[in-house]
Amino acid sequence: MAFLRRRRGGVDPSAQARSVSDLSALEGRHIGVDGIMTGLSFILLFIIVVIPIFMIIYNAFFYEGRFDLSLFTSVIFEEENLKAMGNTIIIALAVTVFGTIMGLFYAWLLGRSDIPAKGFMRALFTIPYMFPPFFGAMAWDLLFSGRAGYINRWLMSTFHLRQPPVNINSIGGIIFVECSYYFPFVFMQVVSALERMDPTLEESARIAGARQSQVIWKITLPLVKPAISAGALLILISSLAHFGVPSILGFSKNIYTLPTMIYALINRSGGSFEGIRQGTALSILLVAVVAIALVIQKYVLSSGSYDIIKGKSMRPTLIKLRGAKYPLLLLASLTLLVIVVVPLVMIFLVALVKAYGLPLTWANFSFSNYVKVFDSPATMDSIKNSLFLSITAGIVCMFLGVMIAYVINRIRPKGRGLLEILSILPYSIPGTVLAIGVILSWSGSLAGINLYNTIWIILVAYMARYLSFSMKSASASLQQVNSSLEEASRACGATHTESLKDITLPLIKPAMVSGFFLIFLPAMRELTTSVLLYGPYSRTLGVQIFALRDAGMIPQASALASVAIVIIIVCNAVVTEITKDRKGA
C-alpha cells in the first residue's frame, strides 16, 4: 500500500502525501479532515494577515479609489519625517554593529575559552532577552535623565559640576540601551554554532603555524557567518521597529524614529483617518528598510557554503586564556552588572520610594506605590486585559499554529510554501506597521466590522504577530514524530480525527505547551503594537506602565513594572521546566 512506501534513510514526503490521500479515500470522503484543515488555514491567514497588509498598501497609494502619490510623497519628504528616518537608520545600524560585536565577543568567550563560571554567566547573559527594552530605558532614564537622574545628581553634588555629566536622553543613550537588550540575539545564535562546530579545521590551521588571531579571523568567523547574520538581522529588524526605548528616551528631546513618528502623527490627529493614512505612508518606508535588510542578509549568505557539523561527536578545543582569564572574567562580570543588575535594582528601588526625587534611603521607602497600583481600577483592568489577551492569543495561536504546521508537514497541499510564508510574515514586519494595517482593516471599512478601540482589535493583532511562534514550535515537533504511527492507527480502522486526537496531539503536547508560553510571555509585556490599538477600556499592562510614566507617576510605573518582571521570571521558569527534558520522538 502507498502509505507503507519509504525512501532509504527517511520518509518519502510524496509517498506520505499519497498515503494520507489514499486513507482519506478509504474513509469515503471527498473533502475530509485534511481538506477542512487546509481550507481553514488559508482562510484564517487571509483574514488576519493578507487583509491588513493589503489595506496598508492600498491606503498608502490610493485615495477614494484613485491612484494617488501626493500624500505619500508629501509625508516622506517632510523635513521632520526625513529626520526621523535618518535617526532610525543611524540608531539601527549602530545598534546592529555594536550589538553584533558585543554578542560575538561574549559568545566566543563563553563558548570557546576556559573562563570560569561559564554556565552561570551564560544564563545571565540571556536575561536581557527576557525583559522589555523599555523597562531598561525607564531604569537608565531614572539614573541619567538630566539634573533629575539619581547618578547625575550625585555626580554634580560630589564634584561640584554645573551640568549633568551624562545625557541618556540622546541618540547615543538610545543606542546604548538597545545594544544592552539586543546583543543576546547574536550571542545565543553564535554560542550555539561555536559549540557544534567541527574542530578539525581550526586544529589544522594551528598545526600549520597560524596564530590564534588568524584562526579566529580566517576559520572560525567565516564558519559561523550564518549564525552571525541571523542574529545581526534580528537586531536590525528589532531596532528598526522598536517603539519603547526611543519614545522614553527621545520624546523629551524631540528625538523621533519612524515608529515613534508614526505614533506621534496618529496621536496629534486624534486618531483621525488622515493621521492614520500619514502613518501608513511612513509604514511603507519602514517596511522598505526592513526588506533591504533581508536582501542584504540573503546576499551575505549566498557567498559560500557553511558545513560546520560533522558526523563525529567532538567538542571544539577550549582556548587557554592564561593571564587574561581573570581580567576577562572581571570584564564579563562588570558587563552583567551594568546591563542586568543595575536596571532591575533601580526599578525595584524607585518602586519603593514615596515620591520621585527623594533620596533612596530606608526612611523614604514604603509599599504605598504597590497599594496605589493595585487600588487603581485602570491598573487592575490593564492586568486583566493583558492576562485575557495573552492567554486567549496563546490558546488560539497554539491550536491554529498546530493546524498550519500539520497542513505544511503532513498534508503538504499545493501552495504550502505560501501558507508558511503567510504565517511567518507578520513577525517579520514592524509591530507599528501591523497595528496600522489592523486599524485600517477592522475599523468599519470591511463588511462594517468595527473593532476599533476594543480589546478584540488587539487580540487580532496579537494572533497575527505571534502565530509564527507556535507554528514553528509545532513544526519542529511534528518532524520528530514519525508519520507511520498515525498511518498505522488509521490502517487499523481509526478515523483521521481519532488518529489526530489519540496519536499525534498527545505526542506533540510538550511543543504545544511550549508554544503557548512562547506567545504568552511577549504578549504580557507587549507595547509596540498595542500602543496604537488600545482604547479607553482596553489598556494593556505595557501601555499602562508607559502611560503612568508619561503622566509623571514614575514610582507607580516602576511598581507596576516590577510586578511585570516577577510575572515574566515566573513564566520563564515554567517554560524552562517544561522544555528542558523534551526529546525527539
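Parameters at a glance
- Residues numbered from 1 in each chain as written.
- Predicted model: local features only at pLDDT ≥ 70, side-chain atom pairs only at ≥ 80, totals over all residues.
- Heavy atoms only, no water.
- Salt bridge = Lys/Arg side-chain N within 4 Å of Asp/Glu carboxyl O.
- Helix = DSSP H or I, 4+ residues; strand = E, 2+ residues; numbered from the N terminus.
- Buried < 20%, exposed > 50% of the residue type's maximum accessible area, 1.4 Å probe, protein only.
- Phe/Tyr/Trp six-rings, centres within 6.5 Å; stacked < 30°, edge-to-face > 60°.
- Lys NZ or Arg CZ within 6 Å of the ring centre and 35° of its normal.
- Patch = residues over 30% accessible without salt bridge, like charges linked within 9 Å, V, L, I, M, F, W, Y side chains within 5 Å.
- Areas by Shrake-Rupley, 256 points an atom, 1.4 Å probe, with all protein chains shown as cover.
- Contact = heavy atoms within 4.5 Å.
- Axes fitted to C-alpha atoms, helices over the stretch in contact; angles between N-to-C directions.
- Parallel < 35°, antiparallel > 145°, perpendicular 65-115°, else oblique.
- Left-handed = near helix turned anticlockwise from the far one by under 90°.

Things to note about the pattern of salt bridges
Right, on to step 1. Summed over all chains, the structure comprises four salt bridges.
Right, on to step 2. Arg-268 is the partner of Glu-80 in a salt bridge, and the nearest nitrogen-oxygen pair spans 3.2 Å. Taken as a pair, Glu-80 in helix α4 (residues 79-112) and Arg-268 in helix α14 (residues 258-268) lie far apart in primary sequence, 188 residues in all.
Right, on to step 3. Given the relative accessible area of 30%, Glu-80 is considered partly exposed.
Right, on to step 4. The shortest N-O distance in the salt bridge between Asp-141 and Arg-549 comes to 2.7 Å. One end of the pair, Asp-141, is in helix α7 (residues 133-144); the other, Arg-549, is in helix α25 (residues 541-550), with 408 residues separating them in the sequence.
Right, on to step 5. Residue class for Arg-549 comes out buried when judged on its relative accessible area of 19%.

Section: the packing of aromatic side chains
Right, on to step 1. Tallying each qualifying case throughout the model produces 28 aromatic pairs.
Right, on to step 2. Among the aromatic residues, those joined into a ring-pair cluster are Phe-105, Tyr-106, Phe-125, Phe-183 and Phe-187.
Right, on to step 3. Stacked on the ring of Tyr-150, the Lys or Arg Arg-153 has its end atom at 5.1 Å from the ring centre.
Right, on to step 4. Over the face of the ring belonging to Tyr-256 we find Arg-268, whose NZ or CZ atom lies 5.8 Å from the ring centre.

Regarding a nonpolar patch on the surface
Right, on to step 1. A cluster of nonpolar side chains, namely Phe-176, Leu-330, Leu-334, Leu-337, Val-338, Val-341 and Val-345, defines an oily patch on the protein surface of about 540 Å² accessible area.
Right, on to step 2. Here the nonpolar patch gets six residues from one element, more than from any other, and that element is helix α16 (residues 325-352).
Right, on to step 3. Judged by relative accessible area, Val-338 falls into the partly exposed class, the value being 31%.

A look at the side chain of Thr-432
Right, on to step 1. Residue placement: Thr-432 occurs in helix α20 (residues 431-441).
Right, on to step 2. Apart from residues lying up to four places away in sequence, Thr-432 is in contact with Ala-241, Pro-259, Ile-262, Thr-528 and Leu-532.

Comments concerning the packing of α4 against helix α5 (residues 118-125)
Right, on to step 1. For the pair α4 and α5, interaxial distance at closest approach is 9 Å and the crossing angle is 150°. As the angle between them shows, α4 and α5 are arranged roughly antiparallel. Classified by chirality, the crossing of α5 by α4 is left-handed. For the pair formed by α4 and α5, the contact residues are Tyr-106, Leu-109 and Leu-110 on the first element and Lys-118, Met-121, Arg-122 and Phe-125 on the second.

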